[in-house]
Amino acid sequence: MRVDQLIASLAGVCASLAGCGSSGLGDACDSVLDCPPGATCRDGVCVGVDLPDAAALPPTDAGVDATSAAVDAAPADAGPTVDGDLGLQTDAGFTGTGCTLPPVIGPINPVEELRFPDPPCEGPCGNPGCAGIPGDPLPNHFQVVATPTVANLTDDDGDGDVDLDDVPDIVFMTYNDRNITNQGVIRILSGRPDAAGKPVLHKLIPIQDPADPCYDPADAALRHDSSTSVAIGDLDGDGAAELVALLSTGPAVAWSRDGCRLWTATQPVGANDGNAGAPTIADLDGDGKGEVVIGRVVLNHDGSVRWIGTGDRGANVFSVHSVVANLDLVGASEVIAGSTVYAADGTIACRNTAVGDGLNAVGNFDADPEGEFVVVRSGKVYLLDTDCTELWRFDVGSATTTVDNGLGAGPGGACAGSGGGEPTIADFDGDGLPEIALANSNCYTVINGDGTLLWASRSEDDSSQGTGSSVFDFNGDGVSEVIYNDEHYLRIYNGPDGKVLFMQGNSSRTRHENPIVVDVDNDGNAELVYIENNEAGFACAPGQTGGAGIHVLGDDPAVDAWVPTRRIWNQHSYHITNIEEDGTLPRPERANWLLPGYNNYRTNLPDFSVLSAPDLVVEIVDVVGTACGMSPPMAAVDYRVCNRGDVRVGPGIDVSLFVDGTLVAVDATSVTLEPGECETRTAVVEVPPAPATFDVTVIVDDDGSGAGKARECNEDNNTDERTDQSCDIIN
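To keep things clear, this report deals only with the structure shown in the data block. Because the structure is a prediction, the values reported are computed rather than measured. (Residues numbered from 1 in each chain as written. Predicted model: local features only at pLDDT ≥ 70, side-chain atom pairs only at ≥ 80, totals over all residues. Heavy atoms only, no water.)

**Some points on the environment of asparagine 578**
Cut-off, in case you're wondering: The helix count covers DSSP runs of H or I at least four residues long, the strand count covers runs of E at least two residues long, and both are numbered beginning at the N terminus. Working definition: with a 1.4 Å probe on protein chains only, accessible area under 20% of the residue-type maximum means buried, over 50% means exposed, and in between means partly exposed. Polar contact is the term for a pair of N or O atoms within 3.5 Å; when the atoms are in protein, one must be able to donate a hydrogen and the other to accept it, and sequence-neighboring residues count only if both atoms are side-chain atoms.
Inspection of the secondary structure puts asparagine 578 in the loop between β37 (546-554) and β38 (616-627). The buried category is assigned to asparagine 578, whose relative accessible area is 3%. Among the polar contacts made by the side chain of asparagine 578, one reaches the side chain of asparagine 570 at a distance of 2.9 Å.

If you want it as structure tokens, here you go:
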């Protein structure tokens, strides 16, 4: 690197790191990414955040049943007052409040929020005997063995735009029987179930319905590699995300979010075949168009071949996965595949032939600002410097387990020296330094940044020996949790020591899949999304039955401890800064390892404080005697619920209405409320006849018994009251 390049790159690093040369407080910012640790971005300025002490688990209260008549919300523009217009408004007087909550310390007890298919497929592995999906054109395509992805792809609120006001969608590959390589079809599923708790399927790709505008009979016969994960991103710069997958014959194919085929590439095939791999979408050269990377093959945004490398492919076990990063912080990004770093034009920047091919992740493990990359190959983990020199290696076969795996397989068991899935990078133990984790045939292993063992736990993956994992701090206490699904169980481990915090049976023949953590229903809380399949006999432990499809787990609503996160996880190589939350590509992509708290890979975080909270307030807008002459008399209570906190809150927040202290109705909000947004609703309630007077009380986040769903930073502003009302007055 020339001196002028080094000076320019260090200046860019300093500019991207808030507080470089100063505290960073008071600096201009667009998001928390621009601020130093312990600060957040508020009103365009970095300000400090006082983190409150941890809270104990709240008590669980029983609810009551009540009914109300409500007017459905519809998008509407309104100011701080409402003149009969019901729906979603902006709170014109809103400013950020610094609304935070302490983390809840307690057990992890997730509950299932969504499951596909319906009815569920449960049965003995190898011969589950499940019925097909009713009314589905491909009713037996419900097995899933590839990592799902999530983005906003559908206009759920009917406003003509696909944006963050809509519900995120889960995108996943399904197959039938045991066709794990050649019968894949893409499904787009709403991240939020319908009112009856049933899954809402938006699209099946390729389109099978002749009435659909995207239907083409030739396309309808296409099938994907069943083991490939779908990548999502705006390829052509038009603001709409596209989907890229691999066909069963090898080449990449791109689809619009509506299911129209955009192009089919000629690569990867032959020696470049991406069997069971996954595409990565990135803007390599910063021209506003996305490139598609599969191993050592790079395609232009239109599917034409940009270049094919001559070094490693990013392969281990049987798949091809490569990643993109600007390791040297100079110019365009590089493609990292195994131990080869390709420049943006396809030339080899460096290669370590002694290490060879493998699976990758990128982070920063030393004092210089440039990135390092991890290579997992044949039971070994290598850390390579920016120039591909080896910094250290770790042989998983030399490790022994250090902790019980939840099934009695305790410390002292030997780990096998074979296989190895996609590595995950995160601060597992809370020491401020990154660690590296991987799963292989019989162990889940976490390695310190200096190449020594942190902990290892027995697992079971004799089939692929190549599954991946994710890391997330569910309650925001600064201690990460690890999510991993082997052949027989889904586990959540304690990051520092590997203690099993949660475990449940979950069958999979395994390929290279991993669970993901994302706000999949736009409710302001993280959810855990993972896959299951039961068509292989070995996927069930003895005496165990298996399932198939997609599962979504969320926090126990009586606790509401899980923190917010982003509404996107767009590809297998996800690392937060690779994609904007709306599915557009950053230009240029910032090096995630230079941003406070983001020196990680295959994990998720929001771009604001994880301890941000909502603050719900309610205002009675009007009480109207629409039916005071009826018996019994009825009145319409127009009320407005606003979120004056610092994070969105999902729909379904209970609102209780009382007349003279007696519960008369329980209504609920119907939309996600971002900070500063309001929803106005009407509930029709029984009131005393004239000339008697009465008081109307409305309480938000209250089911009528005093119990609520949302943890708020201020629980003392949830009530409004109108006194001395009467049918004589309101009529």
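**Quick word on the sheet that holds strand β13 (residues 280-282)**
We count it as follows: By definition, two strands form a pair when at least two bridges between them are found by DSSP. Angular values range over 0 to 180 degrees, each being the angle between N-to-C directions of two axes fitted as lines to C-alpha atoms, with helices fitted over their stretch in contact.
Here we have four strands laid out as an open sheet, ordered β13-β14-β15-β16, and antiparallel in their pairing. Every interior strand has two partners, whereas the edge strands, β13 and β16 (305-308), have only one. Ignoring which end each strand starts from, the neighbouring axes of this sheet average 20° apart. In the sheet, β13 pairs with strand β14 (residues 291-294) via three bridges, with the strands oriented antiparallel. Bridge pairing in β14 links isoleucine 281 to valine 292.

**Topic: the pattern of salt bridges**
Quick reminder of the rule: What makes a salt bridge here is a side-chain nitrogen of Lys or Arg within 4 Å of a carboxyl oxygen of Asp or Glu, nothing more.
Under the defined criterion, the tally for this structure stands at 18 salt bridges. With a shortest N-O distance of 2.7 Å, arginine 509 and glutamate 535 are connected by a salt bridge. Linking arginine 509 in the loop between β34 (500-505) and β35 (516-518) with glutamate 535 in the loop between β36 (527-532) and β37, this pair joins segments that are 26 residues apart in sequence. For the pair arginine 509 and glutamate 535, one class covers both residues: buried.

**As for the pairing of strand β28 (residues 435-439)**
The buried fraction of β28 amounts to five of the five residues, a majority that puts the element mostly inside the structure. What you see with β28 is no split at all: Glu435, Ala437 and Ala439 on one side and Ile436 and Leu438 on the other are buried throughout. Pairing of strand β27 (residues 424-426) with β28, which is carried by three bridges, proceeds in the antiparallel orientation. The residue of β28 that forms the bridge with isoleucine 425 is isoleucine 436. Inspection of the sheet shows β28 paired to strand β29 (residues 443-447) by four bridges, in the antiparallel sense.

**A look at unusual backbone geometry**
A cis amide bond, omega -5°, links arginine 587 with the succeeding residue proline 588. Mapped onto the elements, proline 588 comes out in the loop between β37 and β38. Omega for the peptide link from serine 631 to proline 632 comes to 0°, which places this bond in the cis form. Mapped onto the fold, proline 632 is located in the loop between β38 and β39 (634-643). The backbone of asparagine 522 shows a phi angle near 60°, a positive value even though the residue is not glycine. Inspection of the secondary structure assignment puts asparagine 522 in the loop between β35 and β36.

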